[in-house]
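# Structure at a glance
Here's the letter readout for the chains.
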Amino acid sequence: MIKRTVLIALVALTLIIPSGILQRDAGAVSGSDWDAGNIIDDTIFTDTSRLTVSQIQDFLNSQMPSCDTNGTSTSELGGGTRAQYGATHGNPAPFTCLKDYYEVPKLTPGPDVPASNYGGVAIPSGAKSAAQMISDASQKYNISPAVLLVKLGTESAGPLNSDPWPFKKQYNYAMGAHCPDSGPGGSANCDPNYSGFSIQISEAASLIRGYLDNMDQSWWTYKKPYQVNTILWNVSQTNCGSSGVYIQNKATAALYTYTPYQPNQAALANLYGTGDGCSAYGNRNFWRVYSDWFGSTKGTIIRTYEDGKMYVRGAGDTYYYITNGDQLTGLGYGSTIKTYYNTSKNVFNDMTFMGNLPNTVRFNSGSSIYLINGGQKHYYDNATWVAYGSPAEGNLSSELESLIPTGTALTTVVRSQTGFDLYSIEGGRKRYIGGPSIYQSGGYSTKTISPLTNYLFNSLTEGAPILAAGTIVKTTDTNVTSVITQSGAAVRTIEANTAKSVAQSPFLNSSTVINQLTSDAAVPITLLVKNGVGDLFITDTTKKIHLTNAQMLAMNKTPSDFTLVEDVYLSRFSTVTTSGDLLLSIDGGPMVYKVTNGEIVHIQTGNDFVALGYNSANILSLSNNTVANLLTNKYRSILLPGLLFRVDGQPTVYVFGYDNKPHAIPTGFMFDAFKFNWASVRVVTANTPTAYTSGSNTSYVIVTPDDAWWLVSNGLRFWIPNSLHTAYTSSLNAPTSVSITTLATINPTRNATQFMRIDNTPTIYYITGGQKHALSPTVFNSLGGTLDQVISVSPYTAENFSTGSVMY
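## Things to note about the overall build of the protein
- Across its full length, the protein holds 26 helices and 47 strands.
- Taken over the C-alpha trace, the protein has a radius of gyration of 56 Å; the compact-globule value for 808 residues is 28 Å, which it surpasses by more than 25%.
- The principal-axis extents of the C-alpha atoms in the protein amount to approximately 185 × 55 × 50 Å.
- Looking at the protein as a whole, 52% of its 808 residues are labelled buried.
- Partitioning the contacts of the protein with sequence separation of at least 6, the portion at a separation of at least 24 is 70%.
- Carbon and sulfur atoms provide 51% of the accessible area of the protein, an area that totals close to 35000 Å².

Given below as structure tokens:
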């Protein structure tokens, strides 16, 4: 802790304008910019990284590029040359300028003057350059080296940094440290124990650090931050008086403790000269010189300690709110701007709030417009600015313009810093560039890519993607799928069921973005499509099936059921052609179906498939989605002539005739008469028979496709000659149509005649008009009958004929 007895060190030199002070820089401050309560920001005041040793040396070199070492120039103080004046005043040439000065550091107070290379003496062993000693003090006490250089420029006689022929005594009390204004008339009364450039620099930094560290202590009676303090206009002996100043931060309080005066209006009105008898210049000069040499003493980045929010100063007395960390680093914070000004909200009392900081800015209303991005400013040309939607602009200070490095010119092809997808900026929106072909064909490849911070990239409104014609797009929020038409800018909706038939994974985007594309007025795309020349297709997953006219009719469709689509859409599918009946399997399954009358029917067995004359090469595999949305599936089976079947769960057996009608076998006796095998009876779904016109019940008189008539009994068949057709049937007893297959299951025997008996019983019947008439022997003989002409049938076959009158 610093002892209270040594806290105050004041210098009389601050009350006069030092000779040789720097000329005013272009763009430097004016007297109206002075803020008595806020001379310099705390973080700027303690920024030890502000200058390196080499940068300090470069600065000293720039202050005195040509040292009059030998004093050959005419003395400004009279008495001949500078060398002559020095010789008569106890300091003969050669002179040593600050940029060339080395000294063995004096680390503890004492009356000795430290060894140096002043006056052309060789650099002593252990000596350090002035730049190194300034840097060492800065690092040891956490005071900005720029602050120490400014204090040196305002406290030293000469001032030392720009004096081309300094005397040795100017080094001894260069910082006015331990030189209170206690001499005659308020003059400096310097303690000889603190003579020497090295200890002056070190003690100045130490005193300032002590002020900063102790002003919060209860015993501190000197200048205090965050309250009103009485500040003199000049040394008390002048009786110029004082005024109350609200000190806004510790750095300002430290400066007033080190040099306890404020400039009056006369000193401010002549900022680079003298005022009146009550003018003091130390703190005025510190503020003015720092501004001239190193920029604003008030941080361009401001943090209010009440809520921790960050702001940036605008042009004039304006300020903006910094909404996020990307904006903060975009302004150069952490690189060229290493500190922020931590202060109370009171700093904004006389300033105008401009709202949130835009990403697009001008500087002091200049003509150039920039995007602040990633710690750099990127220039917009007029076309680029319009492409970005002529964004609102912030107006920042010209000083800030010099603190933000200039990046590459902004272009309209961008990506996020962490992403690889490229976007084109058009109409104030970012539009996804859909792949290499679009990147090349759209001319985007000729433009430089501007990487944007994730914040900036995400802040851009997303527009409609730029996609190749035929690209499938799917909205992530409504699950609607569309296709980009050949214009590359219009959308046609794809029906939900059709979307499942698209092979390529769709480009995903929101409906809000997709809706920005021009909507095509054409009907939605379905599974059934046609091209401009009228070719008809079913689209299914990766393929399109080219349909014949007959296949279209089998599907129960007409050309009007097919949607006209662009070739670019059709080109996405491979082409499959087939002829004949439309045969298909579902998702490559084993069951084969035939399309007929708009529905699919099952071909139950391979034998049926072969019997129908089909080839497996003609089977199309369609997805279940496509089949379900195009055709009716009644799950019925195809029935072939000769097939024995029954409906699942029902006992009645049918024989399918060559007339394409199912004929019920009414009794088990008839089933036995035909010698059918129960193992050959196929079970079909209930709706299978309903697809056909029902035939009459099976009778014992059958007819085959070759128009041969037969009588069936006991597993035998009797051929009925054409001459007997009328005798065996009537209009109420027509023969049953059966297939050759059915006929083959019954053994042939003798030919039928008009004479019949039942299981070899004695009674002989005469068959005529579909009736059986019992015969007397006399009539039998009269009709020319013989026993070898009589056929024997079962009672059940005989029952097929109604009984007529007895013939005597």
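Still more to cover.
## Considerations on the sheet that holds strand β23 (residues 518-519)
- In space, the 5 strands of this open sheet follow the order β22-β19-β20-β21-β23, with mixed pairing throughout. The two strands at the open ends of the sheet, each matched to only one other strand, are β22 (507-509) and β23.
- In this sheet, β22 lies alongside strand β19 (residues 472-475) in parallel orientation, the contact comprising 3 bridges. By the bridge assignment, Thr475 is partnered in β22 with Asn509.

## What to know about the packing of helix α2 (residues 53-63) against helix α4 (residues 130-141)
- Orientation of α2 relative to α4, taken along the N-to-C sense of each, is 130 degrees, at an axis distance of 9 Å. The orientation of α2 relative to α4 falls into the category oblique. As α2 packs across α4, the resulting crossing turns out to be right-handed. In this structure, α2 uses Val53, Ile56, Gln57 and Leu60 to contact α4, whose residues at the interface are Ala130, Ala131, Gln132, Ile134 and Ser135.
- Residue composition of the contact of α2 with α4, by class: 6 nonpolar, 3 polar and no charged.

## Points about the environment of Leu644
- Looking at the element boundaries, Leu644 is found in strand β34 (residues 644-647).
- What makes Leu644 buried here is its relative accessible area of 6%.
- Filtering out sequence-adjacent residues up to four positions away, Leu644 remains in contact with Val653, Tyr654, Val655, Ile665, Phe676, Ser680, Val681 and Arg682.

## What to know about empty space enclosed by the protein
- Inspection of every chain in the model, using the stated rule, returns 1 cavity of 30 Å³ or more.
- If you add up the space inside the largest cavity, you get close to 40 Å³.
- Asp326, Gln327, Gly330, Leu357, Pro358, Asn359 and Ile372 are the residues that line the largest cavity.
- Considering each element in turn, the lining of the largest cavity owes the most residues, 3 residues, to helix α11 (residues 325-330).
- A per-class count over the lining of the largest cavity returns 3 nonpolar, 3 polar and 1 charged.

## Observations regarding the nonpolar core
- By size, the foremost hydrophobic cluster in this structure holds 64 residues, and its most contacted members are Phe45 and Phe197.
- Listed by contribution, the elements that provide at least two residues to this core are α1 (42-45), α2, α4, α5 (145-155), α7 (197-214), β4 (242-247), α8 (250-258) and α10 (282-294).
- Per-element accounting of this core gives the leading share, 8 residues, to α7.
- Apart from residues no more than four positions distant in its own chain, Phe45 is found in contact with Ile40, Ile143, Ser144, Val147, Ile208, Leu212, Ala251, Ala254, Leu255 and Phe286.

## Looking at the packing of aromatic side chains
- With the rule as written, the count across this model stands at 42 aromatic pairs.
- Taken together, a centroid distance of 4.8 Å and an interplanar angle of 65 degrees make the contact between Phe59 and Trp293 edge-to-face. Here Phe59, found in helix α2, pairs with Trp293, found in helix α10; they are 234 residues apart in sequence, far enough to count as distant.
- Judged by relative accessible area, Phe59 falls into the buried class, the value being 12%.
- Between Phe755 and Phe780, the ring centres sit 5.2 Å apart and the planes meet at 80 degrees, which makes this aromatic pair edge-to-face. Here the residue Phe755 occupies a position in strand β43 (residues 755-758), and Phe780 occupies one in helix α25 (residues 777-782), the gap between them amounting to 25 residues. Across the pair, Phe780 and Phe755 agree in class, each one buried.
- Chaining the aromatic ring pairs together yields one cluster made of Phe59, Phe286, Tyr290, Trp293 and Phe294.
- Lys377 extends its terminal NZ or CZ atom over the ring of Tyr370, reaching a point 5.9 Å from the ring centre.
- Residue placement shows Arg636 over the ring face of Tyr692; its charged tip is 5.5 Å from the ring centre.

## With respect to the environment of Thr704
- Examined against the element boundaries, Thr704 turns out to sit in the loop between β38 (701-703) and β39 (709-713).
- For the pair formed by Thr704 and Arg717, sequence separation is 13 residues and the distance between their alpha carbons is 12 Å.
- Those residues in contact with Thr704 that lie beyond four places of it in its chain are Tyr658, Trp710, Val738, Ser739, Ile740 and Leu743.

## Things to note about the pattern of salt bridges
- All chains considered together, the criterion is met by 15 salt bridges.
- For Glu393, the salt bridge identified is with Arg362, shortest N-O distance 2.4 Å. Here the residue Glu393 occupies a position in strand β13 (residues 393-396), and Arg362 occupies one in strand β10 (residues 360-363), the gap between them amounting to 31 residues.
- Given the relative accessible area of 27%, Glu393 is considered partly exposed.
- Among the salt bridges present, the one from Arg682 reaches Asp608, with a minimum N-O distance of 2.5 Å. Of the two residues, Arg682 is situated in strand β37 (residues 681-684) and Asp608 in helix α20 (residues 606-611); the sequence distance between them amounts to 74 residues.

## Things to note about the side chain of His178
- One can find His178 in the loop between α6 (168-172) and α7.
- A distance of 2.8 Å separates a polar atom in the side chain of His178 from a polar atom in the side chain of Glu203.

## Digging into the packing of α7 against α8
- Following both chains from N to C, one finds α7 and α8 inclined at 125 degrees, their axes separated by 9 Å at the closest point. The orientation of α7 relative to α8 falls into the category oblique. Note on packing geometry: the crossing formed by α7 with α8 is right-handed. Along the contact surface, α7 presents Ala204, Leu207, Ile208, Tyr211 and Leu212, while α8 presents Lys250, Ala251, Ala254, Thr257 and Tyr258.
- The residue makeup of the contact of α7 with α8, split by class, is 8 nonpolar, 1 polar and 1 charged.

Rules of the game
- Residues numbered from 1 in each chain as written.
- Predicted model: local features only at pLDDT ≥ 70, side-chain atom pairs only at ≥ 80, totals over all residues.
- Heavy atoms only, no water.
- Helix = DSSP H or I, 4+ residues; strand = E, 2+ residues; numbered from the N terminus.
- Rg over C-alpha atoms; globule rule 2.2 N^0.38 Å.
- Buried < 20%, exposed > 50% of the residue type's maximum accessible area, 1.4 Å probe, protein only.
- Contact = heavy atoms within 4.5 Å.
- Areas by Shrake-Rupley, 256 points an atom, 1.4 Å probe, with all protein chains shown as cover.
- Pairing = 2+ DSSP bridges.
- Axes fitted to C-alpha atoms, helices over the stretch in contact; angles between N-to-C directions.
- Parallel < 35°, antiparallel > 145°, perpendicular 65-115°, else oblique.
- Left-handed = near helix turned anticlockwise from the far one by under 90°.
- Nonpolar A, V, L, I, M, F, W, Y, C, P; charged D, E, K, R; others polar.
- 1 Å grid on protein atoms, 1.4 Å probe; cavity = no way out; pocket = protein on both sides within 12 Å on 5 of 7 lines; lining within 4 Å.
- Points joined across faces, edges and corners; volume = space filled by probe spheres on them.
- Core = buried A, V, L, I, M, F, W, Y, C linked by side-chain atoms within 4.5 Å.
- Phe/Tyr/Trp six-rings, centres within 6.5 Å; stacked < 30°, edge-to-face > 60°.
- Lys NZ or Arg CZ within 6 Å of the ring centre and 35° of its normal.
- Salt bridge = Lys/Arg side-chain N within 4 Å of Asp/Glu carboxyl O.
- Polar contact = N/O pair within 3.5 Å; in protein donor to acceptor, adjacent residues only side chain to side chain.

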